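# Geometric and topological summary
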Amino acid sequence: MTNRTEKHLQLMTPIAGLPRAPTRQAILILGMHRSGTSALGGVINALGAAGPKTPLPSHIANPRGFFESAPLTLAHDELLAVAGSSWHDWRQLNQQRINSEATEPYRQKIKQLLIDEFGDEPLIVIKDPRTCRFVPFMSSILDEMNVSPVALLPIRNPLEVAYSLHRRDKIAPPKSLLLWLRHVLEAEYHSRHMPRYILSYEGFLADWRKHMERAAEKTGVVWPAQPDHSDVKVEQFLTTDLYHERSTLEDMRNHPDVTSLVRETYQILTTIAAGDEDDGLLAQLDVMRTRFDEACETFSAAMATEESAVAQLRGELSARGTETEQIRQENSKLASFLEQQSVTVRGLTAERDALLRDRDWIVNERDALLTSRSWRLTAPLRQIRRLFARG
C-alpha cells in the first residue's frame, strides 16, 4: 500500500467530535474521449451504480449509449467556454478563469444538475471526458454535497484514440494525440488524492470481472449488484464488435505523429495499470506533465494564431456555404415557379388549341350553310334563265 493510500484511509477514519465521512460516493470516470469511458460506464451501471436521469441518446458512434448526463455535458461545455476553452482544446486550462467569479453561476448550475440527475442515490457514476480538464472544480462541488469521489481511469492506446476521433469528428491525429496527453495527464495528477484505479481498456474488454473486482478493492466501492448477478446484462452490452480501431505498440512506435512524450506517458500509465502505483512512476508522470506544459507555453501562441486563421477560414467557408444554400433554395423556388408557369402555359395552349378547333368547325359549318343557302336562292333564278333560253 502506498503512502498516499494510507493517508487517505487515515483521513476517512472517523474521529470523535468531527463530522462523519460522507456515506455517498461518486465514481468519476476520468478518461479521454474514445478511450472506453462509455463501455466502463455501462458496466458500472449494470453493477448497480446509478446513472443520470437524462442520459445522452445513443449515436452511431456509441450505438449502445454514452452513460452520461445530457444537461450536465452542456453545462460542462458552457463552463469550458467561460474559461476560454472547449472540449477539443489541448492547452492547459486557465486556473484563474476556472476559479473566477465568472464561473460561479456554472458551478451552481452543475451542482443543481447533479442533484436533479442523481437525487440521493448512495452510489452514482459521473461520466464525461470533459471532467478530466477540471477535476478539482468537480471535486469541490461534490465535497459541498458531502459526496465522496473515487476515480476510475481507463487508458487506451493513444493511436487508437486518434483514429477513432478522426473517424467520428474528423480531427487530425496530431491534435488528437495532444488531446489525449492533456486529458490523461490532468486526470492522473488531479485524482491522486482520491481512491482510484487505473486500468487498461484492452484488458478491461478481455476480463471485465477481474477489473471491477480490483476497482472495488482499490476504491472501497461496494457494487450494489454483484458481478455474477450482472453477467448476462454485461455480456450483452460489452462485446468486442464495437472495438473498431486497433493498433499495436509497434504501430505506435513507428507512427510519425506519435511523439516520444506520448509514447513514454502511455508506457508509464500502462505499467501502473498492470501493477501498482509507486512514487517513482508518479514522479515520471510529473516530468511528462512538466515537459508537456512547457511545450504548450512555447507553441500554444503560434498554434492559437494558426487555429484562429483556420477558424476564420471555416467561418468564411460556412458563410459561403450558407450563401450557396440560399442560392440553391432560391433556384429551387424559381424552378418550381417556372414549372408551375409551364403547366399553366401548357393548359392555356391546350385551351387555345381547343378553341381554334371549335372555331374551324364553326367556320366550316358556316361555309356549308352559306353554300347550301346560296344553292337554294339561286335555283329559281337558274330555272327562269333556262325558261327564257327555251323561248
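Residues numbered from 1 in each chain as written. Predicted model: local features only at pLDDT ≥ 70, side-chain atom pairs only at ≥ 80, totals over all residues. Heavy atoms only, no water.

## Observations concerning the pairing of strand β1 (residues 24-29)
Going by this rule: Here's how the labels work: a residue is buried when its accessible area is under 20% of the maximum for its type, exposed when over 50%, partly exposed in between, all with a 1.4 Å probe on protein chains only. Helix and strand labels come from DSSP, where a helix needs a run of H or I of at least four residues and a strand needs a run of E of at least two; each type is numbered from the N terminus. Pairing between two strands is assigned when DSSP locates at least 2 bridges connecting them.
Of all 6 residues making up β1, 6 are buried, and the element is well covered by its neighbours. Burial of the side chains of β1 extends over both faces: Arg-24, Ala-26 and Leu-28 are buried on one face and Gln-25, Ile-27 and Ile-29 on the other. Bridge count between β1 and strand β3 (residues 147-155): 6 bridges; the pairing is parallel. Across the sheet, Ile-29 pairs through a bridge with Leu-152, a residue of β3. One ladder, built from 5 bridges, connects β1 with strand β2 (residues 123-127); its direction is parallel. If you follow Ile-29 over to β2, its bridge partner there is Lys-127.

## A closer look at the pattern of salt bridges
For side chains bearing opposite charge, pairing can occur when the charged atoms are close. Put simply, the test is: Each reported salt bridge corresponds to a side-chain nitrogen of Lys or Arg within 4 Å of a carboxyl oxygen of Asp or Glu.
Under the defined criterion, the tally for this structure stands at 23 salt bridges. In this structure, Arg-291 engages Glu-264 in a salt bridge whose closest nitrogen and oxygen atoms are separated by 3.1 Å. With Arg-291 in helix α14 (residues 279-390) and Glu-264 in helix α13 (residues 260-274), this residue pair connects regions lying 27 residues apart in the sequence. The partly exposed category is assigned to Arg-291, whose relative accessible area is 33%.

## As for the nonpolar core
We count it as follows: Only buried residues count toward a nonpolar core, which is a set of Ala, Val, Leu, Ile, Met, Phe, Trp, Tyr and Cys residues joined through side-chain atoms within 4.5 Å. It only takes one pair of heavy atoms within 4.5 Å for two residues to be counted as in contact.
The biggest cluster of nonpolar side chains holds 61 residues, and the ones touching the most others in it are Leu-30, Ile-110, Leu-114, Ile-126, Leu-142 and Trp-180. Once residues lying within four places of it in the same chain are set aside, the contact partners of Trp-180 are Met-32, Arg-156, Pro-158, Val-161, Val-262, Thr-265, Tyr-266 and Leu-269. With 27 residues, the next largest nonpolar core counts Ile-27, Leu-40, Ala-46 and Trp-208 among its residues.

## Section: the confidence of the model for the protein chain
Defined as follows: The predictor rates its confidence in each residue with pLDDT, a number between 0 and 100.
Mean pLDDT over the protein chain works out to 86, with 87% of the residues at or above the 70 mark. The element-level mean pLDDT for the protein chain is lowest in helix α1 (residues 3-12), coming to 37, with β3 highest at 98.

## Quick look at helix α8 (residues 173-190)
Threshold: Expected span, for any helix, means 1.5 Å times one less than how many residues it has.
Here α8 is 18 residues long and its end C-alpha atoms lie 26 Å apart, about the 26 Å a rise of 1.5 Å per residue gives. The buried fraction of α8 amounts to 13 of the 18 residues, a majority that puts the element mostly inside the structure.

## Section: the packing of aromatic side chains
What characterises a pair of aromatic rings is the spacing of the ring centres plus the angle enclosed by the ring planes. Formally: Geometry of aromatic contacts follows a simple scheme: Phe, Tyr and Trp rings, the Trp one being its six-membered ring, pair when their centres are within 6.5 Å, and the pair is stacked under 30 degrees between planes, edge-to-face over 60, tilted otherwise. Remark: a charge is flagged as sitting over a ring if the NZ atom of Lys or the CZ atom of Arg is within 6 Å of the ring centre and within 35 degrees of the ring normal.
Going through the model one piece at a time under the given rule, you end up with 2 aromatic pairs. Consider the rings of Trp-180 and Tyr-266, whose centres lie 6.2 Å apart with planes at 65°: the pair is edge-to-face. In this pair, Trp-180 is assigned in helix α8 and Tyr-266 in helix α13, connecting sequence segments 86 residues apart. Both residues of the pair, Trp-180 and Tyr-266, count as buried. Of note, Arg-91 hangs over the ring of Trp-90, and the distance from its end group to the ring centre comes to 5.0 Å. The lysine or arginine in question, Arg-107, covers the ring of Phe-137, its NZ or CZ lying 5.4 Å from the ring centre.

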